[in-house]
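# Structural features, examined
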Amino acid sequence: MMMAMIMPSPSHSCSTIALIVAAGQGERAGGGMPKQYRMLCGETVLRRVVRVFLENPAISAVQIVIGDSQEGHYEMALADLDGRDGLLTPVIGGTTRQMSVRAGLESLAEREPPPDYVLIHDGARPFVSYEEISAVLDALKTKSAAVPVLPSTDALKYRDEKTGQVLDIQRSIKKESTLWRTLTPQGFHFADIIEAHRKTQQEYDDDIALAQAAGFECQFVEGRNENIKLTTHADFEQAEQTLKRQSVPLPRTGFGYDVHRFGKGNHVILCGVTIPFENGLEGHSDADAGFHAVTDAILGALGGGDIGDHFPPHDGRWKDAASFVFLNHAASLVSNDGGVINHVDVTLICEKPHLMPYKQSMKESTAHALGIKPRQVSIKATTTEGLGFIGKGQGIAAYAIATLLFYGKE
Ligand code: CTP
Ligand code: MG
């Protein structure tokens, strides 16, 4: 009796595992850290990728392939991720992408039972959409492989590296044909793709190329322009710009205040500028009340304690320290947290010295210490009309407000 072959269809009763290859070194992107572990608007590339698949109900689990000795980066990148029970223990990849895919597939083959379907995705493509994943899964109901593609709209050339000649690709293919770029995720019936990987002796650019060479029937579905593979540093810059344009920034505001008493000396330092005066300001560091207030305002916006927590006055390292260091540190905490400093407003209060002539230099030095533009800094100065301790000429006070912006974060 002949048995009809029934293709299982991707549904909740079948298991589909997303296999994310993230074992590369990201050499073309530069920057020391492999690109999949780099930050993109406050979140690592890999975390973004993993989230897309973990949040998709059609995906049963996510298997990541990481590079040899990338465990530390991996842990850091995914430490605070919700839904980690959907993440399988990472496996170590190989020196080529194909070897990394193979390592991932072999580890899935050891599962009991192995998955029905596998979606193989680049760990450097964080902008993959729900629609592309669904289209690939849909196509697997009737075909043994599926891949999102994009028509290449530009005329393409290639350079023969041996002769240095630049040639037209279009001439080597039929005039009426269209060139396509293949993206990921590339979807397969698990048993078929692992067999094809095990059998092949050749190296392919991606799994769909390997599958086509093995004679699979492939379905080409519509890919999206956004689904780029981050390859160069310029790709990162462009992706960051796009993300920032898309997301509404959430502002956070912090307030800072500081006072220093006059003491012996012949100058004061305010907002990084040295101002000759008949007294100095007393303090453990350089007693720059302006910079201290700004540092506290930034730490306040971050919910990150105060200047004394970060630079304890009893710590000898900060004796006579230039307060530039404090400001610089606060600015680096902001960028580590995925934010940007949008604006800082400072009010300095004293009877003397007269601060007016120094306001522009203070603006510039504050901007320099924070890595922002002078137009993002406001410096104001006032007196207390002879009232209170400031009026009596006993010291200088500073108030500051910092506004930070965070993209795509609560
Ligand atoms: N990849 C992998 N194992 C390798 C090489 C690449 O898992 N031995 C992964 C990368 O981490 C990436 C995807 O395959 O997610 C696509 O490769 P590519 O963009 O070339 O990444 P890298 O090899 O890391 O970058 P480069 O070629 O610039 O070094
Ligand atoms: Mg590579």
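Further up the page is the structure itself.
Described below are features of the structure shown in this document. This is a predicted model, so every value here is computed, not measured.

## Description of the pairing of strand E17 (residues 339-349)
Looking along a regular strand, one sees the side chains alternate between the two faces of the sheet. Pairing geometry for E17 and strand E19 (residues 395-407), over ten bridges, is antiparallel. Within E19, the position partnered with isoleucine 349 by the bridge is alanine 397. The β-α-β motif built from E17, the intervening helix H12 (residues 359-370) and the parallel element strand E18 (residues 377-382) has right-handed crossover chirality.

## Some words on the side chain of glutamine 70
The residue glutamine 70 is located in the loop between strand E4 (61-66) and helix H2 (71-78) in this model. Note on glutamine 70: relative accessible area 3%, which makes it buried. A polar side-chain atom of glutamine 70 sits 2.9 Å from a polar atom in the side chain of tyrosine 37. Leave out the neighbours within four places in its chain, and glutamine 70 touches Ala22, Ala23, Gly24, Gln25, Pro34, Gln36 and Tyr37.

## Some points on the site of ligand 1
Every one of the 19 residues lining ligand 1 counts as a neighbour, but Gly26, Glu27, Arg28, Ser100 and Lys229 are closest to it. Between ligand 1 and valine 21 there is a distance of 2.9 Å, counted from an oxygen atom to a backbone nitrogen or oxygen. A distance of 2.9 Å separates a nitrogen atom of ligand 1 from a polar backbone atom of glycine 94. Protein chains shield 87% of the accessible area of ligand 1, which is 560 Å² for the free molecule. Elements represented by at least two residues in the shell around ligand 1 include exactly strand E1 (16-22) and helix H3 (97-109). Its residues placed into classes, the shell around ligand 1 shows four nonpolar, nine polar and six charged.

## Observations regarding the pattern of salt bridges
Counted by the stated rule, this structure contains 20 salt bridges. Arginine 84 serves as the salt-bridge partner of glutamate 75, at 3.6 Å between the closest nitrogen and oxygen. The exposure class assigned to glutamate 75 is partly exposed, which follows from its relative accessible area of 40%. With a relative accessible area of 27%, arginine 84 lands in the partly exposed category. Through salt bridges with shared partners, one network takes in Glu43, Arg47, Arg48, Arg51, Glu55 and Asp80.

## Some points on the layout of surface pockets
A volume near 740 Å³ is recorded for the largest pocket. Forming the walls of the largest pocket are 33 residues, and the residues nearest its centre are Gly24, Gln25, Arg28, Lys35 and Arg97. Every element with two or more residues in the lining of the largest pocket is listed here: E1 and H3. Ranked by residue count, the leading element in the lining of the largest pocket is H3, at three residues. Here the lining of the largest pocket is composed, by residue class, of six nonpolar, 16 polar and eleven charged.

Conventions and cut-offs
- Position numbers for residues start from 1 in each chain and track the written sequence from start to end.
- Written order decides the labels, with chains lettered from A and ligands numbered from 1.
- Owing to the predicted nature of the model, reporting of local features is limited to residues with pLDDT of at least 70; listing and counting of side-chain atom pairs is limited to 80 or more, with chain, interface and lining totals taken over all residues.
- Computation of side-chain values: all heavy atoms of the structure, hydrogens and water removed.
- Strands qualify as paired when DSSP identifies two bridges or more between them.
- Every helix listed is a DSSP run of H or I at least four residues long, and every strand listed is a run of E at least two residues long, numbered separately from the N terminus.
- Looking down the strands as they point away from you, a crossover is right-handed if its path from the first strand over the helix to the second goes clockwise.
- Exposure classes here rest on a 1.4 Å probe applied to the protein chains alone. A residue is buried below 20% of its type maximum, exposed above 50%, and partly exposed in between.
- In protein, a polar contact requires one atom able to donate a hydrogen and another able to accept it; more generally it is a pair of N or O atoms within 3.5 Å, and residues adjacent in sequence count only if both atoms are side-chain atoms.
- Whether two residues are in contact is decided by their heavy atoms, any of which lying within 4.5 Å being enough.
- It suffices for a single heavy atom of a residue to lie within 4 Å of a molecule or strand for the residue to be listed as near it.
- Only the protein chains shown count as covering a residue, and every accessible area follows the Shrake-Rupley method with a 1.4 Å probe.
- Each residue is assigned to one of three groups, with Ala, Val, Leu, Ile, Met, Phe, Trp, Tyr, Cys and Pro labelled nonpolar, Asp, Glu, Lys and Arg labelled charged, and all others, Gly among them, labelled polar.
- By definition, a salt bridge exists where a carboxyl oxygen of Asp or Glu is found within 4 Å of a side-chain nitrogen of Lys or Arg.
- Using only the protein atoms, space was sampled on a 1 Å grid; points where a 1.4 Å probe fits but cannot get out form cavities, open sets with protein on both sides within 12 Å along at least five of seven lines form pockets, and lining residues are those with an atom within 4 Å of a point.
- Grid points are joined across faces, edges and corners, and a volume is the space filled by probe spheres set on the points.

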